Amino acid sequence: MPFFKHEQAIVDSNNIGDGTKIWEFVHVLPHATIGENCNICAHVFIENDVIIGDNVTVKCGVYVWDGVRVKDNAFLGPNVTFTNDVRPRSKQYPLEVEKTIIEEGASIGANSTIIAGNTVGKYAMVGAGSVVTKNIPNNTLWYGNPATFKAYICKCGEKLDSVLSCNRCNKSYILNNDNFIQEKSDLTISQKCSRPL
(Lines give C-alpha, C1' and ligand atoms only; values in the text may rest on other atoms or scores of the structure.)
Protein backbone atom coordinates (compact mmCIF):
# COMPACT_ATOMS: atom_id res chain seq x y z
CA MET A 1 0.00 0.00 0.00
CA PRO A 2 1.53 3.36 -0.96
CA PHE A 3 1.90 6.07 1.66
CA PHE A 4 -0.95 8.46 2.48
CA LYS A 5 -0.42 12.22 2.19
CA HIS A 6 -3.00 14.69 3.46
CA GLU A 7 -3.88 17.27 0.79
CA GLN A 8 -2.49 20.05 3.03
CA ALA A 9 0.90 18.35 3.57
CA ILE A 10 4.00 19.22 1.54
CA VAL A 11 6.04 16.11 0.78
CA ASP A 12 9.06 16.86 -1.42
CA SER A 13 10.76 13.52 -0.75
CA ASN A 14 10.35 10.37 -2.85
CA ASN A 15 11.80 8.26 -0.01
CA ILE A 16 8.59 7.47 1.88
CA GLY A 17 7.75 3.88 2.83
CA ASP A 18 4.53 2.03 2.11
CA GLY A 19 1.74 2.41 4.64
CA THR A 20 3.10 5.64 6.14
CA LYS A 21 0.57 8.38 6.91
CA ILE A 22 1.55 12.04 6.65
CA TRP A 23 -1.04 14.44 8.02
CA GLU A 24 -1.92 18.10 7.47
CA PHE A 25 0.63 20.91 7.65
CA VAL A 26 3.59 18.51 7.57
CA HIS A 27 6.60 19.51 5.43
CA VAL A 28 9.09 16.82 4.40
CA LEU A 29 12.18 18.11 2.54
CA PRO A 30 13.47 16.34 -0.62
CA HIS A 31 16.32 14.22 0.81
CA ALA A 32 14.59 12.98 3.97
CA THR A 33 13.89 9.25 4.32
CA ILE A 34 10.84 7.90 6.16
CA GLY A 35 10.26 4.15 6.53
CA GLU A 36 7.13 2.02 6.29
CA ASN A 37 4.01 2.22 8.48
CA CYS A 38 4.98 5.48 10.17
CA ASN A 39 2.50 8.03 11.49
CA ILE A 40 3.68 11.62 10.97
CA CYS A 41 1.12 13.83 12.74
CA ALA A 42 0.12 17.43 11.98
CA HIS A 43 2.54 20.37 12.10
CA VAL A 44 5.75 18.31 11.77
CA PHE A 45 8.81 19.54 9.84
CA ILE A 46 11.39 17.02 8.60
CA GLU A 47 14.67 18.41 7.22
CA ASN A 48 16.87 16.87 4.47
CA ASP A 49 19.52 14.86 6.38
CA VAL A 50 17.00 12.88 8.41
CA ILE A 51 16.39 9.13 8.43
CA ILE A 52 13.28 7.77 10.14
CA GLY A 53 12.86 3.98 10.36
CA ASP A 54 9.77 1.77 10.14
CA ASN A 55 6.76 1.92 12.50
CA VAL A 56 7.78 5.27 14.00
CA THR A 57 5.22 7.65 15.53
CA VAL A 58 5.98 11.37 15.34
CA LYS A 59 3.33 13.35 17.22
CA CYS A 60 2.24 16.92 16.48
CA GLY A 61 4.64 19.84 16.60
CA VAL A 62 7.94 17.96 16.26
CA TYR A 63 10.71 19.48 14.11
CA VAL A 64 13.28 16.90 13.02
CA TRP A 65 16.47 18.72 11.97
CA ASP A 66 19.43 17.59 9.85
CA GLY A 67 21.53 14.92 11.56
CA VAL A 68 18.69 13.18 13.42
CA ARG A 69 18.32 9.41 13.04
CA VAL A 70 15.20 7.72 14.41
CA LYS A 71 15.30 3.93 14.38
CA ASP A 72 12.39 1.46 14.00
CA ASN A 73 9.46 1.47 16.44
CA ALA A 74 10.47 4.71 18.18
CA PHE A 75 7.95 7.21 19.59
CA LEU A 76 8.41 10.99 19.55
CA GLY A 77 5.80 12.71 21.73
CA PRO A 78 4.15 16.06 21.02
CA ASN A 79 6.52 19.01 20.68
CA VAL A 80 9.72 17.03 21.20
CA THR A 81 12.58 19.41 20.37
CA PHE A 82 15.81 18.40 18.65
CA THR A 83 18.90 20.56 18.24
CA ASN A 84 21.80 20.00 15.84
CA ASP A 85 24.22 22.83 16.62
CA VAL A 86 25.63 23.17 20.15
CA ARG A 87 26.95 26.69 19.46
CA PRO A 88 24.26 28.36 17.35
CA ARG A 89 24.67 31.88 16.00
CA SER A 90 22.49 33.70 13.50
CA LYS A 91 23.85 33.34 9.94
CA GLN A 92 26.81 31.20 11.10
CA TYR A 93 26.53 27.60 10.01
CA PRO A 94 28.54 24.61 11.26
CA LEU A 95 30.61 22.67 8.74
CA GLU A 96 28.89 19.53 9.99
CA VAL A 97 25.85 19.15 12.20
CA GLU A 98 25.89 16.96 15.29
CA LYS A 99 24.28 13.51 14.91
CA THR A 100 21.48 12.62 17.30
CA ILE A 101 20.29 9.01 17.40
CA ILE A 102 17.03 7.68 18.78
CA GLU A 103 17.51 3.91 18.91
CA GLU A 104 14.98 1.18 18.21
CA GLY A 105 11.90 1.18 20.45
CA ALA A 106 12.87 4.31 22.40
CA SER A 107 10.14 6.71 23.57
CA ILE A 108 10.58 10.46 24.07
CA GLY A 109 7.90 12.20 26.15
CA ALA A 110 6.09 15.39 25.21
CA ASN A 111 8.01 18.69 25.29
CA SER A 112 11.38 17.03 25.88
CA THR A 113 14.52 18.62 24.45
CA ILE A 114 17.29 16.41 23.05
CA ILE A 115 20.61 18.26 22.95
CA ALA A 116 22.59 17.60 19.74
CA GLY A 117 25.06 14.74 19.59
CA ASN A 118 23.37 12.41 22.08
CA THR A 119 21.97 8.90 21.69
CA VAL A 120 18.84 7.59 23.37
CA GLY A 121 19.32 3.82 23.68
CA LYS A 122 17.09 0.93 22.64
CA TYR A 123 13.78 0.79 24.52
CA ALA A 124 14.81 3.71 26.72
CA MET A 125 12.17 6.17 27.87
CA VAL A 126 12.51 9.92 28.42
CA GLY A 127 9.81 11.47 30.60
CA ALA A 128 7.78 14.49 29.48
CA GLY A 129 9.46 17.88 29.74
CA SER A 130 12.98 16.51 30.16
CA VAL A 131 16.24 17.99 28.87
CA VAL A 132 18.59 15.27 27.62
CA THR A 133 22.21 16.40 27.93
CA LYS A 134 24.01 13.03 27.72
CA ASN A 135 23.69 9.58 26.18
CA ILE A 136 20.92 7.43 27.65
CA PRO A 137 21.59 3.67 27.91
CA ASN A 138 19.25 0.95 26.66
CA ASN A 139 16.22 0.01 28.78
CA THR A 140 16.47 2.95 31.16
CA LEU A 141 14.02 5.62 32.31
CA TRP A 142 15.27 9.21 32.57
CA TYR A 143 13.48 12.47 33.34
CA GLY A 144 14.02 15.95 34.72
CA ASN A 145 16.04 19.04 33.82
CA PRO A 146 18.68 17.90 33.23
CA ALA A 147 17.35 14.37 32.74
CA THR A 148 18.77 11.86 35.23
CA PHE A 149 18.53 8.09 35.57
CA LYS A 150 15.43 6.91 37.47
CA ALA A 151 14.97 3.18 36.78
CA TYR A 152 15.61 0.23 34.50
CA ILE A 153 12.67 -0.62 32.26
CA CYS A 154 11.46 -3.54 30.17
CA LYS A 155 10.88 -3.48 26.42
CA CYS A 156 7.17 -3.28 27.28
CA GLY A 157 7.78 -0.02 29.20
CA GLU A 158 7.22 -1.35 32.73
CA LYS A 159 9.79 -0.58 35.46
CA LEU A 160 11.92 -3.57 36.42
CA ASP A 161 12.01 -4.81 40.00
CA SER A 162 15.13 -5.08 42.18
CA VAL A 163 16.24 -8.31 40.44
CA LEU A 164 15.70 -6.75 36.97
CA SER A 165 12.52 -8.70 36.19
CA CYS A 166 9.31 -7.37 34.66
CA ASN A 167 6.13 -8.09 36.59
CA ARG A 168 3.99 -7.35 33.52
CA CYS A 169 5.50 -9.63 30.86
CA ASN A 170 7.92 -11.77 32.95
CA LYS A 171 11.07 -10.87 30.98
CA SER A 172 14.33 -10.84 32.93
CA TYR A 173 17.46 -8.77 32.37
CA ILE A 174 21.07 -8.66 33.53
CA LEU A 175 23.71 -5.94 33.80
CA ASN A 176 27.09 -6.72 32.29
CA ASN A 177 30.43 -5.25 33.40
CA ASP A 178 29.81 -2.06 31.41
CA ASN A 179 26.50 -1.49 33.25
CA PHE A 180 24.71 -2.37 30.00
CA ILE A 181 21.33 -3.99 30.46
CA GLN A 182 20.54 -7.03 28.34
CA GLU A 183 17.53 -9.33 28.15
CA LYS A 184 18.49 -12.79 29.45
CA SER A 185 16.92 -14.54 26.45
CA ASP A 186 19.26 -12.53 24.16
CA LEU A 187 22.41 -14.03 25.70
CA THR A 188 24.39 -16.62 23.75
CA ILE A 189 25.38 -19.92 25.39
CA SER A 190 29.00 -18.76 25.73
CA GLN A 191 27.86 -15.57 27.48
CA LYS A 192 25.70 -17.58 29.87
CA CYS A 193 28.56 -19.95 30.65
CA SER A 194 31.07 -17.17 31.21
CA ARG A 195 29.03 -15.26 33.77
CA PRO A 196 30.11 -15.71 37.40
CA LEU A 197 27.61 -17.57 39.60
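For clarity, every value in this text was computed on a predicted model and none was experimentally measured.

About the thresholds
Along each chain, numbering runs from 1 in the same order as the chain's sequence is written. Only residues with pLDDT of at least 70 are given local features in this predicted model, and only at 80 or more are side-chain atom pairs given and counted; all residues enter the totals for whole chains, interfaces and linings. The basis for the side-chain values is all heavy atoms of the structure; hydrogens and waters are excluded. Strands here mean DSSP runs of E at least two residues long; helices mean DSSP runs of H or I at least four residues long; both are numbered from the N terminus. The rule is simple: take the accessible area with a 1.4 Å probe, protein chains only, and divide by the maximum for that residue type; under 20% is buried, over 50% is exposed, in between is partly exposed. The contact rule is simple, with two residues in contact once any of their heavy atoms fall within 4.5 Å. At least two DSSP bridges between two strands are needed for those strands to be called paired. In what follows, salt bridge is the name for a side-chain nitrogen of Lys or Arg lying within 4 Å of a carboxyl oxygen of Asp or Glu. Residues grouped as a nonpolar core are buried Ala, Val, Leu, Ile, Met, Phe, Trp, Tyr and Cys residues, joined through side-chain atoms within 4.5 Å. Any two of the Phe, Tyr and Trp rings considered here, Trp counted by its six-membered ring, make a pair once their centres fall within 6.5 Å; the pair's planes then place it as stacked at under 30 degrees, edge-to-face at over 60, or tilted in between. Distance and angle both matter: a charge sits over a ring if NZ of Lys or CZ of Arg is within 6 Å of the ring centre and within 35 degrees of the ring normal.

Asker: How do you make sense of the environment of Ser-112 when you look at a structure like this?
Answerer: Of note, Ser-112 is situated in the loop between strand S15 (107-108) and strand S16 (113-114). Look at Ser-112 and you get buried, because its relative accessible area is 0%. With residues up to four places along the chain from it excluded, the contact list for Ser-112 reads Asn-79, Val-80, Thr-81, Val-126, Gly-127, Ala-128, Gly-129 and Ser-130.

Asker: Help me understand the pairing of strand S20 (residues 140-143) in this model?
Answerer: Two faces belong to every sheet, and in a regular strand the side chains alternate between them. Bridge count for strand S18 (residues 125-126) against S20 is two bridges, and the pairing is parallel. Among the inter-strand pairings, Val-126 is bridged to a residue of S20, identified as Trp-142. Pairing geometry for S20 and strand S21 (residues 148-152), over four bridges, is antiparallel. For Leu-141, the partnering residue across the bridge sits in S21 and is Ala-151. Linking S20 to S21, which pair antiparallel, is a turn of four residues; within it Gly-144 sits at a positive phi near 115 degrees.

Asker: Would you explain the pattern of salt bridges in this entry?
Answerer: Opposite charge on two side chains permits them to pair, given that their charged atoms come into close proximity. Summed over the entire model, instances satisfying the criterion amount to five salt bridges. Its salt-bridge partner being Asp-49, residue Arg-69 comes within 2.7 Å of it at the nearest N-O pair. Of this pair, Arg-69 sits in strand S11 (residues 68-70) while Asp-49 sits in the loop between strand S7 (45-46) and strand S8 (51-52); the two residues are 20 residues apart in sequence, bridging distant segments of the chain. The class of Arg-69 is buried, set by a relative accessible area of 18%. For Asp-49, a relative accessible area of 29% gives the class partly exposed. Among the salt bridges present, the one from Glu-158 reaches Arg-168, with a minimum N-O distance of 3.7 Å.

Asker: Can you walk me through the nonpolar core in this structure?
Answerer: Among soluble globular proteins, nonpolar side chains are generally buried collectively. By size, the foremost hydrophobic cluster in this structure holds 35 residues, and its most contacted members are Val-28, Ile-40, Ile-46 and Ile-102. Setting aside residues no more than four positions away along its own chain, Val-28 makes contact with Ile-10, Val-11, Asp-12, Ser-13, Ile-16, Ile-22, Ile-34 and Ile-46. Judged by nonpolar contacts, the second largest core, of seven residues, contains Tyr-152, Cys-154, Cys-166 and Tyr-173.

Asker: Is there a simple way to explain the packing of aromatic side chains in this structure?
Answerer: Per the counting criterion, the structure on display carries five aromatic pairs. Ring geometry for Phe-4 and Trp-23: centres 4.9 Å apart, planes at 50 degrees, overall tilted. Within this pair, whereas Phe-4 is found in strand S1 (residues 4-5), its partner Trp-23 is found in the loop between strand S3 (21-22) and strand S4 (27-28), the two being separated by 19 residues in sequence. Classification of Phe-4 as partly exposed rests on a relative accessible area of 35%. An aromatic cluster is built from Phe-45, Tyr-63 and Trp-65, whose rings are joined through pairwise contacts. A cation over an aromatic ring shows up here: Lys-150 above the ring of Tyr-143, its NZ or CZ 4.9 Å from the ring centre.

Asker: Would you mind going over unusual backbone geometry with me for this structure?
Answerer: Most peptide bonds are trans, and most residues other than glycine sit at a negative phi. Cis geometry is found at the peptide bond from Asn-145 to Pro-146, where omega equals -5 degrees. Position of Pro-146 relative to the elements: it lies in the loop between S20 and S21. Despite not being glycine, Asn-73 has its phi angle at roughly 65 degrees, a positive value. Along the chain, Asn-73 falls in the loop between S11 and strand S12 (75-76). One non-glycine residue, Lys-91, lies in the positive phi region at around 65 degrees. Position of Lys-91 relative to the elements: it lies in the loop between strand S13 (81-82) and strand S14 (100-102). Lys-91 gets classed as exposed once you look at its relative accessible area, which sits at 68%.

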